[in-house]
Amino acid sequence: MNHQGEYVLRTVEERHIRFVQLWFTDVLGTPKTFSITPAELENALEEGMTFDGSAIDGFSRVQESDVLARPDPQTFQLLPWHPDRVPVARVFCDIFNLDGTPFEGCPRHTLRRTLDRAHQAGFTFFAAPEIEYFYFADADPSHPPVAIDSGSYFDLTTSDLSSEIRKESVLTLEEMGIPVEHAQHEDAPSQHEIDLRHTDALTMADTVMTVRLVLKEIASRQGVHTSFMPKPLAGVQGSGMHTHISLSQGDTNAFSDPDDEYGLSPVAKRFMAGLLRHAPEITAVTNQWVNSYKRLVNGYEAPVHVSWARNNRSSLVRVPVVKRIESTRIEYRAPDTACNPYLAFAVVLAAGLKGIEEGYELPPEAATNLFTMTPEELAADGIRSLPGSLNEAVVEMERSELVAETLGEHVFEWFIRNKRAEWGAYKTHISQFELDRYLPML
Amino acid sequence: MGEREEEMEPLLCFPAPVSDDLTQVLERAGYPWKAVSRPEHAETDEPEDGWSGAVISADGDAQGAFALCRLLRTREVPLRPLLLLIAPNQIPELQLREDHFDDFCVLPVRPEEVAARLAHLFWHTGRGLRPELIEHGPLVLNLETYQAAVAGRVLDLTYMEYELLRFLAARPGKVFTRETLLSRVWGYEYYGGARTVDVHVRRLRAKLGEEHAHLIETVRSVGYRFGQGNWAP
């Protein structure tokens, strides 16, 4: 037993922990867990726990359904919302095949593989997402979602329930060692945002999983439903996961160059060029639901066109103005909070790395508000659009060698099949829109 | 757990050569030690992580010995523990020097007494051969059980957070660069690179809570330091 394992075992004993939840993530980013008792923990740490993966999205294979969950002791953490008399801890797991090789369907492996590639090139990938979400009265799909407050952007509201819940969630996150940079009321009614401080991308993907769970858990105790649905309400902003990205090389920020007009190094520019060129291919991963594409429309501060700019919030890649050059970073504005963070970070990084490896040229900054340009003007400037639907996104993805390579054949193939099925179900659905509009008329 | 035992730095002994009795005590109890013949060598011969404590005899060069005690105790982070050995006629000299040592023995020493006093002193400071506890202001680390508490509140730390806090808290007042911390605490290539240290410090501060977050200080453009300067544990 190594140090870390010993630390975990001893803590379990000292804190009288009754259950340890083994956490892992399916291919669509849904958190999965099973609990073990402290008695089983030592064995789990040493050998892993076998379970049947056939019922888990993206885990099923033809020949073998059993897989092995191996806890990553570095992620061991008490869950502060469990009562003191029955303390419960969680630990993230990596999934392995029974022969000990990494399981191809495990998103943590996928991300780690891409991070290793960056590492070999001397880079460390840092991510800091902004998590937007809604609080609703319930999750009942038979009626439209009911907001629980009517505040808007940066509103200082007096002791309303949603602010209380958000505050408690932030405190819980801090207790779990997840520093929150900033928490605020967002633009739409009942919409909130929590900005996280940057960490390395693997830790951050784990953190996003934790944050989503904490936000749901804390709200549910007040009978409130937290929703990460990308666009739950028509006519107001959707929930994105704008992600701030930087690469570091040793101790220095590889994106910064104080002598450059934009403060950006050649590495940063090539990374951006890679991200922009491959953006349409990776969108199915960063925006994986039918509903995701209801957010990516004109007029709600969500990106629609493939462009970059310093302060234009309609652009896909934004370069924030920084006070200190060490904070130089870019912001990728496409992802939504309902993505699988492991896979999303992996494809974003892979696209950027490709730009660095191939020395892509960064196109000029988009000067004006692209939303006011006509399709002809956009075409004349060579500005492409992001996929307009899940179907378009899957078509783009299917053609992408970059995505296939990054996700691995197993995940790539399963993901496309799953998303085709989702699109198929959506396509045959007759919506309220159609009934309202066509039934009286046609 | 081999790494912890290696971590004890030598005790400072003054003056050199050390008496046979004292040598025997130190060797038998297994304390690493190093004797210096002149007070100023306490600075120049100091190991990278600082002395783990001092045993200073005032029997020979009394002036030098008391000066050295004062020097060690008026540092930004006073050296602890400090055991003073004095001749019976030097007892009055201790007056108004109470803060310059932690305990004293009257010569000739009885080896068992020196061993017992050292063990007692080390138990208090949490350093040394049996570092069961590290205490620093409101922070307590129990190295046996891997548990940490601040102001009586148990902290739920991840393994690396715990290791980083332990490393820093065992060396209060000393400034470490990110690279040093990375190589000493992580000890291997890690996804985060040197900025991982920043990330873990932030996480630790979040868990320590606003009130105690200052226990880990950022030293601008250098690195981090545990505990405030001039603030004795």
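What you see is a predicted model; the values in this text were computed from it and never measured. (Residues numbered from 1 in each chain as written. Chains lettered and ligands numbered in written order. Predicted model: local features only at pLDDT ≥ 70, side-chain atom pairs only at ≥ 80, totals over all residues.)

## A word on the overall build of chain B
This is how the line gets drawn: Strands are runs of DSSP state E lasting at least two residues, helices are runs of H or I lasting at least four, and both sets are numbered from the N terminus onward. A residue is called partly exposed when the number of other C-beta atoms within 10 Å of its own lies between 12 and 20, exposed at 12 or fewer, and buried at 20 or more, with C-beta atoms placed from the backbone. In this description, a residue-residue contact is defined by the distance between C-beta atoms placed from the backbone, which must lie within 7 Å.
Within chain B one finds eight helices and twelve strands. The buried share of chain B, reckoned over its 233 residues, is 40%. Residue pairs at least 24 apart in sequence account for 55% of intrachain contacts in chain B once pairs closer than 6 positions are excluded.

## Here's the deal with the interface of chain A and chain B
Where we set the bar: For this classification, Asp, Glu, Lys and Arg are treated as charged, while Ala, Val, Leu, Ile, Met, Phe, Trp, Tyr, Cys and Pro are nonpolar and the rest, including Gly, are polar.
If you look at the interface, chain A gives 28 residues, while chain B gives 22 residues. It is helix 1 (residues 3-14) of chain A that contributes the most residues to the side of chain A that touches chain B, six residues altogether. Of the residues assigned to the side of chain A that touches chain B, the class counts are nine nonpolar, twelve polar and seven charged.

## Section: the domain arrangement of chain B
Buried accessible area, meaning the area lost when the parts come together, often serves as the stated size of an interface. This is how the line gets drawn: For the domain bounds, the source is a domain assignment made automatically or taken from a database.
Looking at chain B, the domain boundaries give domain 1 (2-125) and domain 2 (133-226). Facing the four residues of domain 1 of chain B at the interface are four residues of domain 2 of chain B.

## Quick word on the packing of helix 5 (residues 201-220) of chain A against helix 8 (residues 341-358) of chain A
Residue and element names in this part refer to chain A. Test applied: Lines are fitted to the C-alpha atoms to define the axes, a helix being fitted only along its stretch in contact, and any angle between axes, read from their N-to-C directions, falls within 0 to 180 degrees. A clockwise turn of the near helix away from the far one marks a right-handed crossing, whereas an anticlockwise turn of less than a right angle marks a left-handed crossing.
Between helix 5 and helix 8, the shortest axis-to-axis distance is 8 Å and the interhelical angle comes to 145 degrees. Seen along the crossing, helix 5 lies across helix 8 with a hand that is right-handed. Mapping the contact onto sequence places Ala 201, Ala 205, Val 208 and Met 209 in helix 5 and Pro 341, Tyr 342, Phe 345 and Leu 349 in helix 8. Residues that form the contact of helix 5 with helix 8 fall into these classes: eight nonpolar, no polar and no charged.

## Points about the sheet that holds strand 5 (residues 103-106) of chain B
Residue and element names in this part refer to chain B. We count it as follows: Two strands pair if DSSP finds at least two bridges between them.
An order of 2-1-3-4-5 is seen for the five strands of this open sheet, with the pairing classed as parallel. Of all the strands in the sheet, the pair left with one neighbour each is strand 2 (33-35) and strand 5. The sheet shows a mean angle of 20 degrees between the axes of neighbouring strands, taken without regard to direction. Against the sheet, helix 4 (residues 62-73) makes contact with strand 1 (11-14), strand 3 (53-57) and strand 4 (82-86), and its axis sits at roughly 160 degrees relative to strand 3, the strand it touches most.

## Structural notes on the pairing of strand 8 (residues 147-150) of chain B
Residues and elements named next belong to chain B. Of the two faces of strand 8, only the one carrying Ala 148 and Val 150 is buried; Gln 147 and Ala 149 on the other face are not. Across four bridges, the pairing between strand 7 (residues 139-142) and strand 8 is antiparallel. When the sheet's bridge partners are listed, Leu 141 is paired in strand 8 with Ala 148. Adjacent in sequence and paired antiparallel, strand 7 and strand 8 are bridged by four residues, among which Tyr 146 carries a positive phi angle near 65 degrees. Where strand 8 folds back on strand 9 (residues 153-155), the antiparallel hairpin that results is connected by two residues, among which Ala 151 adopts a positive phi of roughly 50 degrees.

## Here's the deal with the domain arrangement of chain A
Residue and element names in this part refer to chain A. Its domain assignment divides chain A into domain 1 (3-101) and domain 2 (112-435). The partner domain 2 presents 16 residues to the eleven residues of domain 1 that form the contact. The class makeup of the residues in the side of domain 1 that touches domain 2 is six nonpolar, five polar and no charged.

## Topic: the environment of B:Leu121
Residues and elements named next belong to chain B. Within the secondary structure, Leu 121 is located in helix 5 (residues 111-125). For the pair Leu 121 and Leu 83, spaced 38 residues apart in the sequence, the C-alpha separation amounts to 8.4 Å. Setting aside chain neighbours within four positions, we find Leu 121 in contact with Gly 53, Pro 81, Leu 83, Asp 102 and Asp 103.

## A closer look at the packing of helix 6 (residues 159-169) of chain B against helix 8 (residues 195-208) of chain B
Residue and element names in this part refer to chain B. The criterion, for reference: The cut-offs work like this: below 35 degrees is roughly parallel, past 145 is roughly antiparallel, 65 to 115 is roughly perpendicular, and the gaps in between are oblique.
Their axes nearest at 10 Å, the elements helix 6 and helix 8 cross at an angle of 90 degrees. Looking at the two axes, helix 6 sits roughly perpendicular to helix 8. Contact with helix 6, carried on its side by Met 160, Glu 161, Leu 164 and Leu 165, involves His 200, Arg 203, Leu 204 and Lys 207 of helix 8 and no other residues of that element. Split by residue class, the contact of helix 6 with helix 8 holds four nonpolar, one polar and three charged.

## Re the nonpolar core
Keep this limit in mind: By definition, a nonpolar core groups buried Ala, Val, Leu, Ile, Met, Phe, Trp, Tyr and Cys residues that connect through C-beta atoms lying within 7 Å of each other.
Counting 93 residues, the largest nonpolar core has A:Ala201, A:Met272, A:Phe345, A:Val347 and A:Val348 as the members making the most contacts within it. Among residues more than four places away in sequence, those in contact with A:Val347 are A:Ile282, A:Val285, A:Thr286, A:Val403 and A:Thr406. Of all hydrophobic cores here, the second largest spans 54 residues; its members include A:Tyr7, A:Val67, B:Ile134 and B:Leu157.

## Some remarks on the sheet that holds strand 7 of chain B
Residues and elements named next belong to chain B. With respect to topology, four strands assemble into an open sheet ordered 6-7-8-9, the strand pairing being antiparallel. Strand pairing shows two members of the sheet lacking a second neighbour, strand 6 (133-136) and strand 9, which therefore form its edges. Pairs of neighbouring strands in the sheet enclose a mean axial angle of 20 degrees, with direction left out of account. Where helix 6 meets the sheet, its contacts fall on strand 6, strand 7 and strand 8, and the angle it forms with strand 7 comes to roughly 110 degrees.

## Examining the pairing of strand 12 (residues 223-226) of chain B
Residues and elements named next belong to chain B. Pairing of strand 10 (residues 175-177) with strand 12, which is carried by three bridges, proceeds in the antiparallel orientation. Across the sheet, the residue bridging to Phe 176 is Tyr 224, located in strand 12. Bridge count between strand 11 (residues 216-219) and strand 12: four bridges; the pairing is antiparallel. Within strand 12, the residue paired with Thr 218 across the bridge is Tyr 224. Counted between consecutive antiparallel strands, the loop separating strand 11 from strand 12 contains three residues, among which Ser 221 sits at a positive phi close to 55 degrees.

## Focus on unusual backbone geometry
Residue and element names in this part refer to chain B. In this model, Ala 16 is joined to Pro 17 through a cis peptide bond whose omega is -5 degrees. Here the residue pair Arg 80 and Pro 81 is connected by a cis peptide bond, since its omega of -10 degrees sits within 30 degrees of zero. You will see that Leu 96, though not glycine, has its phi angle at about 70 degrees, which is positive. Tracing the chain through its elements places Leu 96 in the loop between strand 4 and strand 5.

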